[in-house]
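What follows is the residue order along each chain.
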Amino acid sequence: MTTTSPSESTSSTEVDSVDFLIVGAGLSGIGAAHHLQAKLPNKSYAILEGRGAIGGTWDLFRYPGIRSDSDMYTLGYNFRPWTGDKSIADGESIRDYIEDTAREGGIDRHIRFHHKVVSAEWSTATSKWTVTSVRSDTGASVVIEASFLMCCSGYYDYDSGFTPEFVGIETYGGEVVHPQKWPEKLDYAGKRVVVIGSGATAITLAPNLARDASHVTLLQRSPSYIMSLPSKDNIALALRKYLPARAAYGVTRFKNAVTAIGMYVISQKYPNFMKKQIRKLQEGWLPDGYDLDTHFTPKYNPWDQRLCLVPDNDLFRSIRKDEVEIVTDHIERFTETGIALTSGRHLDADVVVTATGLNLVAFGNVEMSVDGKKVDLTETMAYKGMMLTDVPNFAFVVGYTNASWTLKADLVSDYIARLLQKMDSDGFREVRLKRDPSVGEEPFLDFAAGYVLRAVDSFPKQGSIAPWRLRMNYFRDLPALRYGKLIDENMTLK
């Protein structure tokens, strides 16, 4: 259906109308579309994607070795088994999995590429969102009306990553690259490469760059907890031989979810025990006498920040082979030929990779308003980690920081699809959450990572108790979101 908005009656802008509108065609958006069309097959929907391809994060990042840092049996959808041989999969395989899911479900026919959403306005009078996007390929504005809006754009800023201000970087004669904007034809073969950072991206890049570079230095201010996992899950592969594909996948998904959440809980309750276990494993992976205290022993407890995983010991093997050196120090300044450290050491470098983190943005920086009043996200509170107070007919997906993103994404999308199904059958057009003034405020993401701390003040709040608290535990969310009440006293429907 196509109509003309009264506010656009003097222009040529046409307004499309759909029942549901999804923002983002990545892992979350494709999954949300599946759940919605499965439960509401007669409703219309569209997916707005700012870029020109399916995949989101897994299409954006193209640096060497890009891979999952969660196993694919939990990062994969609950409705479509992961059939690849590797549990820790490369970025291209994950992108193919998302694309295949969209194509097989006919979801790809609903995607509108190059549509960057800039604003969303809710009208109580019409019970509709008016969503404006700008086409990145033509510059044209596109307006779509929708009864329900779901943001599946994650929380990364796709336009730019985070790079600190480095003194003297303008004097450096080599090439500086951020992993988020990896050049397609970057030549680092036979060259000296310094990777700045200690997170998942840095520890992925270092051993992969070392295959062609003459030497790679991983320069970190402070270490992270790093563990190794086999890239293949032998139990999962064995189960496939004896069980139907869906059953084998379900068992493996449950097993791996229990393992991930169990490790997190143990780390939080018994941090000293977990420190000792991680150290014992690292001692076996690294050369005798390696300085673990300096390079692999963080000042924080396990899982206060995300624990980094490497497949098949690749980073540790590169260190043993002297292909990768870890240097724990602070940067004093860049020089013409490399980086001067505060210790007095100088790192010669032909290429510097700033794996220094990402920028977070709430809901893709879309400007939202309700009945003409701009929504201040910092004044809203998240309900069950997926809806906001006083923002009607709106939901979002934010996955777990301590386990696979998709475990939470599937729960949220299924819940929203069932809620909309119930509203449709009962004749309701609007759902609105009212904030409970007795509930205390807490930061939306209770996580000590730098990229979170830099942006958390611009996000909504979470509450101190359920259902306002953003749980980071799949096995607590599972009964509440899949089997608990759809509608409670915090909701107003009309």
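Here the structure is a predicted model, which is why all the values come from computation and not from measurement.

K.L.:
For this particular structure, what's the right way to read the overall build of the protein?
P.N.:
What the protein contains, in helices and strands, is 13 helices and 28 strands. What you see for the protein is a C-alpha radius of gyration of 24 Å, in line with the 23 Å of a compact globule of 494 residues. Counting only C-alpha atoms, the protein reaches 70 × 55 × 45 Å along its principal axes. The proportion of buried residues among the 494 residues of the protein is 53%. Restricting to contacts in the protein with at least 6 residues of sequence separation, those with at least 24 account for 70%. Per element, the accessible surface of the protein, about 21800 Å² overall, is 49% carbon and sulfur. Across the protein, the centroid of the 56 positively charged side chains sits 6 Å from that of the 61 negatively charged ones.

K.L.:
Would you mind going over the state of the cysteines with me for this structure?
P.N.:
Summed over all chains, the structure comprises zero disulfides. Not engaged in a disulfide, the cysteine Cys 151 finds its nearest cysteine sulfur in Cys 152; these two sulfurs lie 6.8 Å apart. With relative accessibility at 5%, the residue Cys 152 sits in the buried group.

K.L.:
Could you clarify how one ought to interpret the packing of aromatic side chains in this entry?
P.N.:
Geometrically, a pair of aromatic rings is defined through the distance of the ring centres and the angle of the planes. Counted by the stated rule, this structure contains 24 aromatic pairs. Residues Tyr 264 and Trp 303 carry aromatic rings whose centres are separated by 5.9 Å and whose planes lie at 75° to one another, so their mutual orientation is edge-to-face. Of this pair, Tyr 264 sits in helix 7 (residues 245-269) while Trp 303 sits in the loop between helix 9 (292-295) and strand 13 (308-311), and the two are 39 residues apart along the sequence. What makes Trp 303 buried here is its relative accessible area of 8%. Of the aromatic side chains, those joined through ring pairs into one cluster are Trp 122, Trp 129, Phe 363, Phe 394, Phe 396, Phe 444 and Phe 459.

K.L.:
Any chance you could explain the sheet that holds strand 9 (residues 175-177) here in plain terms?
P.N.:
Strand pairing within a sheet occurs via backbone hydrogen bonds; the two strands may be parallel or antiparallel. Strand order across the open sheet formed by five strands is 9-18-10-11-14, with parallel pairing between neighbours. At either margin of the open sheet sits one strand with a lone partner, and together these are strand 9 and strand 14 (324-328). Between one strand axis and the next, the sheet turns by 20° as a mean value, whatever way the strands run.

K.L.:
Looking at this model, I keep getting lost on the sheet that holds strand 16 (residues 338-341). Mind explaining?
P.N.:
The strand order across the open sheet built from three strands is 15-16-17, with neighbouring strands paired in antiparallel fashion. Across the chains shown, the open sheet's two edge strands, defined by having one partner strand only, are strand 15 (331-334) and strand 17 (346-348). Strand-to-strand twist in this sheet, taken as the mean axis angle between neighbours without regard to direction, amounts to 20°.

K.L.:
Is there a simple way to think about the pattern of salt bridges in this case?
P.N.:
Pairing is possible between side chains that carry opposite charge, provided their charged atoms lie close to one another. One pass over the full model with this rule turns up 24 salt bridges. Two residues, Glu 104 and Arg 80, come together in a salt bridge whose shortest N-O distance is 2.9 Å. With a gap of 24 residues between them, Glu 104 in helix 4 (residues 91-104) and Arg 80 in the loop between helix 3 (72-75) and helix 4 connect regions that are remote in the sequence. Residue Arg 80 is classed as buried on the basis of its relative accessible area of 16%. A salt bridge links Asp 477 to Lys 408, with the shortest nitrogen-to-oxygen separation between them at 3.9 Å. In this pair, Asp 477 is assigned in helix 13 (residues 474-482) and Lys 408 in helix 11 (residues 405-426), connecting sequence segments 69 residues apart. Lys 408 matches Asp 477 in its accessibility class, with the two residues each being buried. A cluster of three or more residues bridged by salt bridges with shared partners is formed by Arg 51, Asp 59, Arg 62 and Arg 95.

K.L.:
Even after reading the chapter, I still don't get unusual backbone geometry, so can you show me in this structure?
P.N.:
Negative phi values dominate among residues other than glycine, just as trans dominates among peptide bonds. Following Ala 466, the chain continues to Pro 467 via a peptide bond in cis, the omega torsion being 5°. Inspection of the secondary structure puts Pro 467 in the loop between strand 27 (461-463) and helix 13. The phi angle at Ser 127 is positive, at roughly 55°, despite the residue not being glycine. Looking at the element boundaries, Ser 127 is found in the loop between strand 5 (115-123) and strand 6 (128-135). In this structure, Asp 312 takes a positive phi of about 55° despite not being glycine. On the basis of relative accessible area, Asp 312 is assigned to the partly exposed category, the value being 36%.

K.L.:
Could you clarify how one ought to interpret the packing of helix 1 (residues 27-39) against helix 11 in this entry?
P.N.:
At a closest axis distance of 9 Å, the pairing of helix 1 and helix 11 adopts a crossing angle of 30°. With respect to helix 11, the element helix 1 is oriented roughly parallel. Relative to helix 11, the crossing made by helix 1 is right-handed. Across from Leu 27, Ser 28, Gly 31, Ala 32, His 35, Leu 36 and Lys 39 in helix 1, the residues of helix 11 making contact are Trp 405, Thr 406, Ala 409, Asp 410, Ser 413, Asp 414, Ala 417, Arg 418, Leu 420 and Gln 421. The residue makeup of the contact of helix 1 with helix 11, split by class, is seven nonpolar, six polar and four charged.

Reading guide: rules and limits
Residues numbered from 1 in each chain as written. Predicted model: local features only at pLDDT ≥ 70, side-chain atom pairs only at ≥ 80, totals over all residues. Heavy atoms only, no water. Helix = DSSP H or I, 4+ residues; strand = E, 2+ residues; numbered from the N terminus. Rg over C-alpha atoms; globule rule 2.2 N^0.38 Å. Buried < 20%, exposed > 50% of the residue type's maximum accessible area, 1.4 Å probe, protein only. Contact = heavy atoms within 4.5 Å. Areas by Shrake-Rupley, 256 points an atom, 1.4 Å probe, with all protein chains shown as cover. Lys, Arg positive; Asp, Glu negative; His and termini not counted. Charge placed at Lys NZ, Arg CZ, Asp CG, Glu CD. Disulfide = S-S within 2.5 Å. Phe/Tyr/Trp six-rings, centres within 6.5 Å; stacked < 30°, edge-to-face > 60°. Pairing = 2+ DSSP bridges. Axes fitted to C-alpha atoms, helices over the stretch in contact; angles between N-to-C directions. Salt bridge = Lys/Arg side-chain N within 4 Å of Asp/Glu carboxyl O. Parallel < 35°, antiparallel > 145°, perpendicular 65-115°, else oblique. Left-handed = near helix turned anticlockwise from the far one by under 90°. Nonpolar A, V, L, I, M, F, W, Y, C, P; charged D, E, K, R; others polar.

All quantities given are derived from atomic positions and should not be read as evidence of function.
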